[in-house]
Amino acid sequence: MSGAVDSNILVDGAAFAPTSFKVVNGTSNQPGEASLVFSLTKGTLNTAGYEALNFTVKYPLTSSSAPNGTYEFGIGEIATTLFANGSYAKGTSYYSLAGYSVKVTALGGNKYRLEFQNIEAVEVPISGTTKIISGYCEGDFE
(Lines give C-alpha, C1' and ligand atoms only; values in the text may rest on other atoms or scores of the structure.)
Protein backbone atom coordinates (compact mmCIF):
# COMPACT_ATOMS: atom_id res chain seq x y z
CA MET A 1 0.00 0.00 0.00
CA SER A 2 2.93 2.34 0.58
CA GLY A 3 3.12 3.11 -3.13
CA ALA A 4 -0.17 4.98 -2.68
CA VAL A 5 1.47 7.69 -0.56
CA ASP A 6 2.68 11.01 -1.96
CA SER A 7 5.59 12.10 0.20
CA ASN A 8 7.90 15.13 0.27
CA ILE A 9 9.62 15.16 3.67
CA LEU A 10 12.89 16.97 4.39
CA VAL A 11 15.22 16.50 7.35
CA ASP A 12 17.66 19.40 7.51
CA GLY A 13 17.03 19.96 3.81
CA ALA A 14 17.79 16.33 2.81
CA ALA A 15 15.01 14.14 1.40
CA PHE A 16 13.55 11.43 3.67
CA ALA A 17 11.65 8.97 1.47
CA PRO A 18 9.89 6.41 3.70
CA THR A 19 8.98 3.06 2.14
CA SER A 20 6.50 2.08 4.88
CA PHE A 21 3.59 4.19 6.16
CA LYS A 22 1.61 2.76 9.08
CA VAL A 23 -1.00 3.99 11.54
CA VAL A 24 -2.46 2.07 14.51
CA ASN A 25 -4.75 2.94 17.39
CA GLY A 26 -2.70 3.80 20.44
CA THR A 27 -3.49 3.33 24.10
CA SER A 28 -4.39 6.19 26.36
CA ASN A 29 -4.06 6.45 30.11
CA GLN A 30 -6.51 9.35 30.29
CA PRO A 31 -10.28 8.77 30.35
CA GLY A 32 -12.05 10.33 27.37
CA GLU A 33 -8.88 10.41 25.29
CA ALA A 34 -7.87 8.45 22.18
CA SER A 35 -4.61 8.26 20.25
CA LEU A 36 -3.13 7.29 16.91
CA VAL A 37 0.44 6.09 16.37
CA PHE A 38 2.06 6.96 13.03
CA SER A 39 5.21 5.21 11.76
CA LEU A 40 7.09 6.27 8.62
CA THR A 41 10.16 4.12 8.02
CA LYS A 42 12.78 3.07 5.50
CA GLY A 43 15.51 0.42 5.82
CA THR A 44 16.27 -2.04 8.60
CA LEU A 45 16.55 -1.10 12.28
CA ASN A 46 20.14 -0.49 13.51
CA THR A 47 21.64 -0.29 10.01
CA ALA A 48 23.18 2.76 8.30
CA GLY A 49 20.26 2.95 5.85
CA TYR A 50 17.59 2.99 8.57
CA GLU A 51 15.47 6.10 8.91
CA ALA A 52 12.23 6.45 10.86
CA LEU A 53 9.77 9.07 12.03
CA ASN A 54 7.41 7.77 14.71
CA PHE A 55 4.90 9.82 16.66
CA THR A 56 1.69 9.58 18.65
CA VAL A 57 -1.14 12.10 18.62
CA LYS A 58 -3.65 12.26 21.48
CA TYR A 59 -7.07 13.88 21.25
CA PRO A 60 -10.30 14.09 23.28
CA LEU A 61 -13.07 11.70 22.27
CA THR A 62 -15.49 14.63 22.61
CA SER A 63 -13.86 16.49 19.70
CA SER A 64 -16.11 16.57 16.65
CA SER A 65 -13.11 17.08 14.35
CA ALA A 66 -10.80 14.42 15.85
CA PRO A 67 -8.30 13.22 14.86
CA ASN A 68 -8.00 16.26 12.59
CA GLY A 69 -5.94 19.05 14.10
CA THR A 70 -2.54 20.56 14.66
CA TYR A 71 -0.59 18.73 17.37
CA GLU A 72 2.21 20.42 19.30
CA PHE A 73 5.37 18.51 20.26
CA GLY A 74 6.34 19.43 23.81
CA ILE A 75 4.61 21.05 26.75
CA GLY A 76 1.34 22.96 26.54
CA GLU A 77 -1.69 23.70 28.66
CA ILE A 78 -3.95 20.74 29.31
CA ALA A 79 -7.37 20.99 27.65
CA THR A 80 -6.25 23.79 25.31
CA THR A 81 -3.57 22.11 23.21
CA LEU A 82 -3.53 18.90 21.22
CA PHE A 83 -0.40 16.95 22.16
CA ALA A 84 1.99 14.78 20.21
CA ASN A 85 5.19 13.01 21.12
CA GLY A 86 7.62 11.04 19.06
CA SER A 87 11.05 10.33 17.71
CA TYR A 88 13.20 10.43 14.61
CA ALA A 89 16.04 7.97 13.95
CA LYS A 90 18.72 7.90 11.27
CA GLY A 91 21.15 5.00 11.27
CA THR A 92 21.93 4.47 14.94
CA SER A 93 21.30 8.11 15.97
CA TYR A 94 18.10 8.82 17.89
CA TYR A 95 16.27 12.15 18.23
CA SER A 96 13.32 13.22 20.36
CA LEU A 97 10.70 15.46 18.74
CA ALA A 98 10.72 18.55 20.93
CA GLY A 99 9.18 21.55 19.22
CA TYR A 100 6.64 22.85 16.74
CA SER A 101 3.84 20.79 15.27
CA VAL A 102 2.34 18.26 12.90
CA LYS A 103 -1.01 18.85 11.22
CA VAL A 104 -3.09 15.68 10.83
CA THR A 105 -5.99 15.44 8.39
CA ALA A 106 -8.02 12.22 8.15
CA LEU A 107 -9.19 11.72 4.57
CA GLY A 108 -11.38 8.65 5.20
CA GLY A 109 -10.50 5.00 5.61
CA ASN A 110 -6.76 4.71 6.29
CA LYS A 111 -5.93 7.82 4.23
CA TYR A 112 -4.18 10.67 6.00
CA ARG A 113 -2.38 13.88 5.19
CA LEU A 114 0.46 14.74 7.59
CA GLU A 115 2.10 18.18 7.42
CA PHE A 116 5.36 18.55 9.33
CA GLN A 117 5.73 22.17 10.42
CA ASN A 118 9.48 22.61 11.07
CA ILE A 119 9.54 20.06 13.89
CA GLU A 120 12.69 20.17 16.02
CA ALA A 121 14.36 16.80 16.55
CA VAL A 122 16.90 16.90 19.40
CA GLU A 123 19.58 14.18 19.60
CA VAL A 124 19.37 11.83 22.60
CA PRO A 125 21.47 11.83 24.69
CA ILE A 126 21.52 15.59 24.31
CA SER A 127 24.55 16.60 22.26
CA GLY A 128 23.43 19.97 20.96
CA THR A 129 22.59 18.39 17.59
CA THR A 130 19.16 19.39 16.31
CA LYS A 131 17.49 18.53 13.02
CA ILE A 132 14.46 20.24 11.46
CA ILE A 133 11.74 18.09 9.87
CA SER A 134 9.39 19.68 7.34
CA GLY A 135 7.18 18.70 4.43
CA TYR A 136 4.18 16.43 4.05
CA CYS A 137 2.91 12.99 3.12
CA GLU A 138 -0.56 12.02 1.99
CA GLY A 139 -2.20 8.76 1.05
CA ASP A 140 -3.05 5.25 2.21
CA PHE A 141 -1.44 4.09 5.46
CA GLU A 142 -1.22 0.38 6.29
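Everything here concerns the structure above.
Residues numbered from 1 in each chain as written. Predicted model: local features only at pLDDT ≥ 70, side-chain atom pairs only at ≥ 80, totals over all residues. Heavy atoms only, no water.

### What about the side chain of E51?
By the element assignment, E51 lies in strand 5 (residues 51-60). Here the side chain of E51 touches Y88 through a polar contact of 2.5 Å, side chain to side chain. When sequence neighbours within four positions are dropped, the list of residues in contact with E51 reads V11, F16, L40, T41, K42, Y88, A89 and K90. (Helix = DSSP H or I, 4+ residues; strand = E, 2+ residues; numbered from the N terminus. Polar contact = N/O pair within 3.5 Å; in protein donor to acceptor, adjacent residues only side chain to side chain. Contact = heavy atoms within 4.5 Å.)

### Regarding the pattern of salt bridges
Tallied over the entire structure, the rule returns five salt bridges. K131 serves as the salt-bridge partner of D12, at 4.0 Å between the closest nitrogen and oxygen. You can see D12 sitting in the loop between strand 1 (5-11) and strand 2 (14-16) and its partner K131 sitting in strand 10 (residues 130-140), a full 119 residues away along the chain. Judged by relative accessible area, which is 18%, K131 ranks as buried. (Salt bridge = Lys/Arg side-chain N within 4 Å of Asp/Glu carboxyl O. Buried < 20%, exposed > 50% of the residue type's maximum accessible area, 1.4 Å probe, protein only.)

### Some words on the nonpolar core
The biggest cluster of nonpolar side chains holds 30 residues, and the ones touching the most others in it are F38, L40, F55, V102, L114, F116 and I133. For this core, the leading source of residues is strand 9 (residues 111-124), giving five residues. (Core = buried A, V, L, I, M, F, W, Y, C linked by side-chain atoms within 4.5 Å.)

### Some points on the environment of L53
Looking at the secondary structure, you find L53 in strand 5. Linking L53 and N8, residues 45 residues apart in sequence, is a C-alpha distance of 13 Å. Residue contacts for L53: discarding those within four places in its chain leaves F16, F38, S39, L40, S87, Y88, L97, F116 and I133.

### Re the pairing of strand 8 (residues 93-108)
Direction of pairing for strand 6 (residues 69-73) relative to strand 8: antiparallel, over a ladder of four bridges. Bridged to T70 within strand 8 is K103. In this structure, strand 8 lies alongside strand 9, joined through twelve bridges in antiparallel fashion. Bridge assignment links Y95 to a residue of strand 9, and that residue is E123. The turn linking strand 8 back onto strand 9 is made up of two residues, and G109 within it adopts a positive phi angle of 60 degrees. (Pairing = 2+ DSSP bridges.)

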